[in-house]
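Now for the letters of each chain:
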Amino acid sequence: MTANRLFTTKTGQFILFKYMIYALLTFNIYLFAMNGTFTETIETAAWVVILALFEWETYHLKEEHWSVSEKGIISVLSFFGYGVVLFSCYSYYADAEWLDFINSLTWIFVILVLQYDVYYPGHYGKSEWTARNILKFALYGALFVFAVIWGVQGEALDFYDAFLWILSFFVIEMNIFNFEHRFVEEDILTNDE
């Protein structure tokens, strides 16, 4: 049944694509340090940390090999990443940078829903799963609109950065999709026996 998957995160092409996106986002820390504000720079660095954590957590979903030190490192890095993101969101609000504020707030909602996916995956195809995915679709749609607004306003770095972030979270969503799809395949195999 594995050969019937629509997408897989294990192919060489997908892995190359994923790490290329991650490398470009890491380079964006430098770009914002040179061309952006302090808040944009530290926020980008924090998001790269959060992205790395999501990659680790979603790539290893339901694997019971995490040691106490791994859990500790993830907790410390999560505390740092989320703390900086919340600080940045507040800074945008305080400075009346409304598009940056709404964008930051939307990403916070995305990570809350993804955290829910990681720790409470629910049942594939059920109403709660459907509602969660409709919410994610709406959030990603809003992020796409924000990217377009930056593009129209001539904010090339913000547009480019927003586009890369949407692609990077597509990768995270693919990890979750493949995890959920594996259980559908197992259910089909169990019912066929």
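Conventions used here
- Residues numbered from 1 in each chain as written.
- Predicted model: local features only at pLDDT ≥ 70, side-chain atom pairs only at ≥ 80, totals over all residues.
- Heavy atoms only, no water.
- Helix = DSSP H or I, 4+ residues; strand = E, 2+ residues; numbered from the N terminus.
- Buried < 20%, exposed > 50% of the residue type's maximum accessible area, 1.4 Å probe, protein only.
- Contact = heavy atoms within 4.5 Å.
- Areas by Shrake-Rupley, 256 points an atom, 1.4 Å probe, with all protein chains shown as cover.
- Polar contact = N/O pair within 3.5 Å; in protein donor to acceptor, adjacent residues only side chain to side chain.
- Phe/Tyr/Trp six-rings, centres within 6.5 Å; stacked < 30°, edge-to-face > 60°.
- Lys, Arg positive; Asp, Glu negative; His and termini not counted.
- Salt bridge = Lys/Arg side-chain N within 4 Å of Asp/Glu carboxyl O.
- Axes fitted to C-alpha atoms, helices over the stretch in contact; angles between N-to-C directions.
- Parallel < 35°, antiparallel > 145°, perpendicular 65-115°, else oblique.
- Left-handed = near helix turned anticlockwise from the far one by under 90°.
- pLDDT = per-residue confidence, 0-100.
- Expected span 1.5 Å × (residues − 1).

### Describing the overall build of the protein chain
Part 1: From N to C terminus, the protein chain includes six helices and zero strands.
Part 2: Ordered by position in the sequence, the α and β elements of the protein chain form the string α-α-α-α-α-α.
Part 3: Across the 193 residues of the protein chain, 41% fall into the buried class.
Part 4: Across the protein chain, contacts joining residues at least 24 apart in sequence account for 74% of those joining residues at least 6 apart.
Part 5: On the protein chain, roughly 10900 Å² of surface is accessible, and the fraction owed to carbon and sulfur atoms is 70%.

### Here's the deal with the side chain of Asn 28
Part 1: Structurally, the position occupied by Asn 28 is in helix H1 (residues 12-35).
Part 2: Polar side-chain contacts of Asn 28 include one of 2.8 Å to the side chain of Asp 161.
Part 3: Each residue touching Asn 28, except ones within four places of it in the same chain, is listed here: Thr 44, Tyr 160, Asp 161 and Leu 164.

### Observations concerning the packing of aromatic side chains
Part 1: Scanning the entire structure with this criterion turns up 13 aromatic pairs.
Part 2: Ring geometry for Tyr 93 against Trp 98: centres 5.6 Å apart, planes inclined by 75°, an arrangement best described as edge-to-face.
Part 3: Every member of this aromatic cluster is reached through a ring pair, and the members are Trp 47, Phe 54, Trp 107, Tyr 140, Trp 165 and Phe 169.

### Looking at the side chain of Asp 100
Part 1: Within the secondary structure, Asp 100 is located in helix H4 (residues 98-119).
Part 2: Salt bridges are absent for the buried Asp 100, whose nearest opposite-charge side chain, Lys 136, sits at 24 Å.
Part 3: Contact partners of Asp 100, with chain neighbours within four places excluded, come to Tyr 92 and Trp 150.

### Regarding the packing of helix H2 (residues 38-59) against H4
Part 1: Their axes nearest at 11 Å, the elements H2 and H4 cross at an angle of 20°. When the interaxial angle is binned, H2 and H4 end up roughly parallel. The hand of the H2/H4 crossing is left-handed. Residues Glu 43, Trp 47, Ile 50, Phe 54, Glu 57 and Thr 58 of H2 form the contact with H4, whose participating residues are Ser 104, Trp 107, Ile 108, Ile 111, Leu 114, Gln 115, Val 118 and Tyr 119.

### Overview of the confidence of the model for the protein chain
Part 1: Overall, the prediction assigns the protein chain a mean pLDDT of 85, with 81% of residues at 70 or greater.
Part 2: Note on residues 1-6: pLDDT under 50 across the span, and nine contacts to partners over four residues away in sequence or across chains.

### Looking at helix H5 (residues 127-152)
Part 1: In this model, H5 (26 residues) spans 37 Å end to end at C-alpha, consistent with the 38 Å of a helix rising 1.5 Å per residue.
Part 2: Those residues of H5 that fall on the buried side of the exposure criterion are Trp 129, Arg 132, Lys 136, Leu 139, Tyr 140, Leu 143, Phe 146, Ala 147 and Trp 150.

### Remarks on the packing of H1 against H2
Part 1: Direction vectors running N to C along H1 and H2 enclose 160°, while the axes themselves pass 7 Å from each other. Between H1 and H2, the crossing angle belongs to the class labelled roughly antiparallel. By crossing handedness, the relation of H1 to H2 is classed as left-handed. Two secondary-structure elements touch here, H1 through Lys 18, Tyr 19, Tyr 22, Leu 25, Thr 26, Asn 28, Ile 29, Phe 32 and Ala 33 and H2 through Glu 40, Thr 41, Thr 44, Ala 45, Val 48, Leu 51, Glu 55 and Tyr 59.

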